[in-house]
Amino acid sequence: MTGSRDDGTDDVVREARATWEKKTLEPACRRFDLERPVDRFYGPDDVPDFDFLRDVGFPGEYPFTSGPYPTQPFAAGSRGTGLIPQAKGLARAGRYSGYGTAENTAAYYAQMIADGQRAGPNVAFDLPTQCGYDSDDTHAVGEVGRAGVAIDSFEDFRTLYEPFQGELEIDKVGSNWTINAPATIIVAMYYLLAQERGVDVTRLRGTPQNDILKEFIARGTYILPPGPSMRMVRDLFTFSVTHLPKLNVVSGGGYHMREAGATRELDLGFSMANGITYLRTGVEAGLDVDVLAPRMTFNAFGGSLDLFREVALQRAARRMWAKIVRDRFGSEKERSWVLRQPNGAHMGYYNATVNRPVNNLTRAVVGGIASAMSGYGPNVEPPFDEALGLGWSREGMQMSEDAARILQYEARLTEVRDPLAGSYYVESLTDETEAAALDVVEKVESYGGSVGAIEAGYMQEAVSRSAVERTMALQTGERLVVGVNAFTTPDEIEVSVQQTSAKVYGDDEMRGAEELQIRKLTDLRRRRDGQEVARTLRSLESVAKDENRNVMESIIDCVRASCTVGEICGALRGVFGEYREDRTLVG
C-alpha cells in the first residue's frame, strides 16, 4: 500500500464542490458584490494523484520532501549565528559579516566571541577581493572594505583568523566564505593557515561559495569567461575531495538570483540546473558522484512573504534534488540525495524596507515561521535595520535573536517535522512548483546546460525580465508593501527603536580601510622575495595553459610566496582573458 487513492473519492468531491459553488459560494459572492471569490478552498480533488510514500515520504528518506533528516535539533537565535541555526554536534559558521580591513573584522569577531558567539566566521569580502583586484588597483577606488572585508594577501587572511584559536581553533569550527571567482585562492589560504598552525587539514570544515554560474546569471562578480571559470571549479572540486575531505566544494542556490529579480520558479529551476552542471563537471573529471554529491550544498533559495509558497518551494527543492542525483546521475547512496542547506524559507532580504524599518522585524518573523514550517530552524533574519546600511545594530540583532527564540521555545514550532504535509493546498503548491521549475531545468538543458544557456544570454535575460515585472508590480500597486506604496497617509506613525549601543561597524574604519590596505600592500611588496613571486606566477600561467593539469598546487605556491589576490587573478586573466557580458544576446 502506497497511500494513494483509487476509490472514486475525487469524483465524489468534484461533484460536491460543484454543488457547493452553486449553492453556497455564488450567493456569498453576490451578497458582498464580488465578481469572483477573494480566496480559494483546496480539497482532495486538487491533488488527485497524491501518493504519500511516493510524493512525501518520511523525514530523512527518499524523496526527502518532508525533510532532509529524520530528526534535527535546532538552537534558534544562538548568539551571532544569523540565518544559520546551530545545534549540538554541528560545526557551523555564524552571521554573515565582514568590513574594512582584516584587523577591523578580526576585532569584530573577537567582540562577538566575547559576547558569547561560538560559531565560526561567515566571511563577507569586499567587491575588489571578490572581483580579483588588489586594494591599490584603480578598479578598487572607493570600494575597499565597503561591502565586506578587504583581503589582499595571506597576511590579511592570517590576521582575519586570529580570534579563532584554542577552543575555537579552525578544525573545531566551520567557516563560510562568500567568494566565487577567487574561491581557489581563499581555499589555498585556509589550507596554508592550517599547515602553519599544525592543524590536520583533513579535519577542516568549511564552505567556499564557489558558485560561479550564478555570478554570470545575476550577481556579477565573475572574472574569467564561463568555460575557464568552470575549469577553476573543477580543479577546486578535485583538490578538495582529495586533500580536504570534510570541506564542502560549492554552495549554490537561487538566493542571489531571486534578489536580482528572478521569480520563485526561475530561482529553483536555475539552482537545479546549475547543480546539474556542477555535478556533471565533477563526474566528467573522474569524481564518483557518491563522493562529490555529499560535499555539495545550497546556501539558500530566495525568499518572500508568501509563506505557503515558500514552504512549498523548500519541499519541492528537496524532492527535485533527490530525483536529479539518484535518477540522472545514477547515485546509489541515500546520503548523496539529500539537499544540504543550513537554512530554509525566509522573508527575502530584498523585501526589507527603508520606510518604517521596524516593520522589517514582522516580515522576518513571517520568514522564521516559514522556515520552521519548511523543516529548518525558525531563525528570524535579517535584523530590522538591514535596509539602512552595512552593519546591523546590536539592538537589531538582539531583537532578531529573541524573536527566533520565541518561535522555538514559546511557540514551539520545531517540535513537529513538516507540519503542513498532507495539506491539500501545500501539496498542490509543491507539485506546481516542482513542475514549473522542471520546465526551467529542461529549457536550460536544451542549451547544453548552464554554461551554454549563459553564453546564449538566456538565463540573464530571464532574470532581467522578471526583475522589470517585479518593479512594475510595485509601481502600479499590484504588489502592496506596507509603508512604501500602501498605508502611507500622514496619520500613520513612524516607530523607532532607541539605539544606545555603539555601531558594530565603524564608519571611520570603513573610510580609512583603503589607505591602510594600500600601505600594507606597499610594505608587503617591499619585504617579500620578488624573484619567488615572479617564479610562482609564471608557473601558475604554465599550469593554467594545460587543461589536463590542476591549478590548485600552483595557487598554493603563489599564496605561500606572498603573491596577492590581484596578482594571482591577473596571471589567470592573462591566460584566459576577462569575461565581458554581451547584453545584445537574448535566449
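For the structure itself, look to the data block above.
Residues numbered from 1 in each chain as written. Predicted model: local features only at pLDDT ≥ 70, side-chain atom pairs only at ≥ 80, totals over all residues. Heavy atoms only, no water.

S.K.: Can you tell me about the nonpolar core, naming the residues and giving the values?
M.R.: Within the largest apolar cluster, 112 residues are counted, with the highest numbers of intra-cluster contacts made by Phe157, Trp177, Phe270 and Met272. Looking at this core, the element that brings in the most residues is helix α6 (residues 183–197), giving eleven residues. If sequence neighbours within four positions are ignored, Trp177 has contacts with Val123, Phe125, Phe157, Tyr161, Ile186, Tyr190, Gly206, Thr207, Pro208, Gln209 and Leu247. Core analysis: the second largest hydrophobic core is formed by ten residues, Val358, Leu361, Ala364 and Ala404 among them. (Core = buried A, V, L, I, M, F, W, Y, C linked by side-chain atoms within 4.5 Å. Buried < 20%, exposed > 50% of the residue type's maximum accessible area, 1.4 Å probe, protein only. Helix = DSSP H or I, 4+ residues; strand = E, 2+ residues; numbered from the N terminus. Contact = heavy atoms within 4.5 Å.)

S.K.: Lay out empty space enclosed by the protein in plain terms, naming residues and giving numbers.
M.R.: In the structure shown here, the tally under the stated rule is four cavities of 30 Å³ or more. Of the pockets and cavities examined, the largest cavity occupies roughly 100 Å³. Lining the largest cavity, in full, are Asn180, Ala181, Asn210, Ile212, Ile223, Leu224, Ser229, Met232, Val233, Cys569 and Leu572. Contributing elements (two or more residues each) for the lining of the largest cavity: α8 (226–243) and α21 (565–576). Top element by residues in the lining of the largest cavity is α8. It accounts for three residues. Split into classes, the residues belonging to the lining of the largest cavity amount to eight nonpolar, three polar and no charged. Its volume calculated, the second largest cavity comes out at about 50 Å³. Asp211, Val250, Gly252, Gly253, Ser271, Asn274, Gly275, Tyr278, Met296, Thr297 and Phe298 are the residues that line the second largest cavity. Contributing elements (two or more residues each) for the lining of the second largest cavity: β5 (250–252), α10 (264–284) and β6 (296–298). With four residues, the single largest contributor to the lining of the second largest cavity is α10. A per-class count over the lining of the second largest cavity returns four nonpolar, six polar and one charged. (1 Å grid on protein atoms, 1.4 Å probe; cavity = no way out; pocket = protein on both sides within 12 Å on 5 of 7 lines; lining within 4 Å. Points joined across faces, edges and corners; volume = space filled by probe spheres on them. Nonpolar A, V, L, I, M, F, W, Y, C, P; charged D, E, K, R; others polar.)

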